[in-house]
Amino acid sequence: MNNPFQNALTQLNKVATVKNFGEKLFTELSQPDRDVRVSIPVSMDDGSLRIFEGYRVEYNNVLGPYKGGIRYHQDTEINEVKALAFWMTIKCAVAGIPMGGGKGGITVDPKSLSKAELEKLSRGWVKKLADILGPKKDVPAPDVNTTPEIMDWMSDEFEKITGDKTRATFTGKPIEKGGSEGRGPATGLGGFYVLNSLRAQLGLPEKCKVVVQGFGNVGLNAAEIFIAHGHSVIAISDSKGGVYNESGLDLEKLKEHKKSTGMLAGFPGSKDITNEELLETKCDLLIPAAFENQITEKNAEKISTKVILELANGPVTPEADDVLFEKGIAIIPDVLANSGGVTVSYFEWDQNLKGEHWTEKEVFDKLFKKMNDSAQETHKRGKEYSTDLRRGAFILALERIKEKMQF
Ligand code: GLU
């Protein structure tokens, strides 16, 4: 079993083989500032009381308030949340935004709850953690299975408890409730900007054959954006499996098909494939946009793409990283590739604190600049230290963190 937090620390330690930052920085970054676990009681629709386990990990705040999403998933546990909070620390530093790293979660399958139960659970998470949250302390956001509506319930609950009316404690809110234009597609769009910035340097063709794992906010938006820019998506999957068509899938029709049948399988004109087969599909660009530990030492040898764009957090294990490196497959790491989401979250926080509302164009222009800069800075570190982009990104982040760290 791959422990994501161990994997995250292995990535950190691998940086030391190419650049010496000194022992102290690694020691400081090998544990979170604090990890909080709470029990959240929810009275269920049938009158029973259930207790859910919730988390908030505040990893590091030298660059700014702790920042990171809240994940609702039946497999979510503390080691996953710690890893995700660590990656947020590195990600915000790579993005060059004044935010630290944090992450939250609840062990729950949200599909098994009614809307009323989900709202009570979300408000319950805030009731238990309100003391440590706040615009200048810790700023949560959406992640897997958490939506703008959930952020609105949480933001409202926080306001009720503390009286804070800035609405700057939660990002990813609905636009009419203080959310930013462009937050919805931000992760997929940011990934697209990064890919564009590095495409020629990585030797990719102008029009790529793309494979996407994931049909949620990130995967679907990314697939739509790549298609809109002339690339073709030849395979895509959700948690149950995927579909493949060598000459490109029609996403609009596929969305309708999923809506009416509840699944991707059986889409006319395409071949059903498993998630394992999807990852091994020959393509130019593979985009894992679902969960951790999808490409491991078990399947790395069979991966047949030129470049991997990690829109999920932690989809490639450190062992698989080594195998892919040997095979000449470049990886655009999560801490760079998917930082568009948190970057627009930062824009939302900034707008809330200043009482402003920027247009979608302003948001996208600022996002483009940030993503392009961090992509090129990462690439530069990779070249300078003759290493891969993951270590390049970590070096960039650690330089920025070390500068502000007091020992
Ligand atoms: N959950 C997203 C991530 O993993 C976004 C975090 C945020 O917007 O704060 O980067």
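The structure we're discussing is the one just above.
Residues numbered from 1 in each chain as written. Predicted model: local features only at pLDDT ≥ 70, side-chain atom pairs only at ≥ 80, totals over all residues. Heavy atoms only, no water.

Asks: Is there a simple way to think about the state of the cysteines in this case?
Replies: Chemically, a disulfide is nothing more than a covalent bond linking the sulfur atoms of two cysteines. Summed over all chains, the structure comprises 0 disulfides. Cysteine Cys208 shares no disulfide, and the gap to the nearest cysteine sulfur, in Cys283, comes to 9.2 Å. Take Cys283: its relative accessible area is 7%, and that puts it in the buried class. (Disulfide = S-S within 2.5 Å. Buried < 20%, exposed > 50% of the residue type's maximum accessible area, 1.4 Å probe, protein only.)

Asks: Sorry, what's going on with the packing of aromatic side chains here?
Replies: Aromatic ring pairs: the centre-centre distance and the angle between the two ring planes describe each pair. Taken as a whole, this structure holds 10 aromatic pairs when the rule is applied. Seen from their ring centres, Phe192 and Phe226 are 5.1 Å apart, and the 90° between their planes marks the pair as edge-to-face. With Phe192 in helix H6 (residues 186-198) and Phe226 in helix H7 (residues 217-228), this residue pair connects regions lying 34 residues apart in the sequence. Taking relative accessible area as the criterion, Phe226 reaches 0% and is therefore assigned buried. An aromatic cluster of at least three residues, connected via ring pairs, comprises Phe5, Tyr59, Phe86 and Phe394. Directly above the ring of Trp358 sits Lys366, whose terminal nitrogen or CZ lies 4.3 Å from the centroid. (Phe/Tyr/Trp six-rings, centres within 6.5 Å; stacked < 30°, edge-to-face > 60°. Helix = DSSP H or I, 4+ residues; strand = E, 2+ residues; numbered from the N terminus. Lys NZ or Arg CZ within 6 Å of the ring centre and 35° of its normal.)

Asks: Got a minute to help me understand the site of the ligand in this structure?
Replies: The ligand sits among 14 residues. The nearest are Lys67, Lys91, Pro142, Asp143 and Ser345. Here an oxygen atom of the ligand and a side-chain polar atom of Lys67 are 2.8 Å apart. Side-chain polar atom of Asn313 to an oxygen atom of the ligand: 3.1 Å apart, as the coordinates give it. Bound to the protein, the ligand loses 94% of the 290 Å² it would expose on its own. (Near = heavy atom within 4 Å. Polar contact = N/O pair within 3.5 Å; in protein donor to acceptor, adjacent residues only side chain to side chain. Areas by Shrake-Rupley, 256 points an atom, 1.4 Å probe, with all protein chains shown as cover.)

Asks: I'm lost on the nonpolar core in this one. Help?
Replies: Inside soluble globular proteins, nonpolar side chains tend to come together where they are buried. The biggest cluster of nonpolar side chains holds 86 residues, and the ones touching the most others in it are Ile90, Ile236, Leu285, Ile287, Leu309, Ile332 and Leu398. For this core, the leading source of residues is helix H3 (residues 78-95), giving 13 residues. Leave out the neighbours within four places in its chain, and Ile287 touches Val210, Val211, Val212, Gln213, Phe226, Leu309 and Leu311. Within the second largest apolar cluster, 24 residues are counted, among which are Val38, Leu113, Leu121 and Leu133. (Core = buried A, V, L, I, M, F, W, Y, C linked by side-chain atoms within 4.5 Å. Contact = heavy atoms within 4.5 Å.)

Asks: Explain the sheet that holds strand S7 (residues 232-238) here, please?
Replies: Judged by pairing direction, the sheet is mixed, and its 7 strands sit side by side in the order S9-S8-S7-S6-S10-S11-S12 without closing on themselves. Of all the strands in the sheet, just strand S9 (271-273) and strand S12 (330-332) have a single pairing partner and so form its edges. The average undirected angle you get between the axes of adjacent strands in this sheet is 20°. (Pairing = 2+ DSSP bridges. Axes fitted to C-alpha atoms, helices over the stretch in contact; angles between N-to-C directions.)

Asks: Looking at this structure, how should I read the pattern of salt bridges?
Replies: One pass over the full model with this rule turns up 37 salt bridges. The residue Arg390 makes a salt bridge to Asp334 at a minimum N-O spacing of 3.6 Å. Taken as a pair, Arg390 in helix H14 (residues 389-404) and Asp334 in helix H11 (residues 334-337) lie far apart in primary sequence, 56 residues in all. The buried category is assigned to Asp334, whose relative accessible area is 1%. Bridged by salt links that share partners, the residues Glu119, Arg123, Lys127, Asp156, Glu157 and Lys160 form one connected network. (Salt bridge = Lys/Arg side-chain N within 4 Å of Asp/Glu carboxyl O.)

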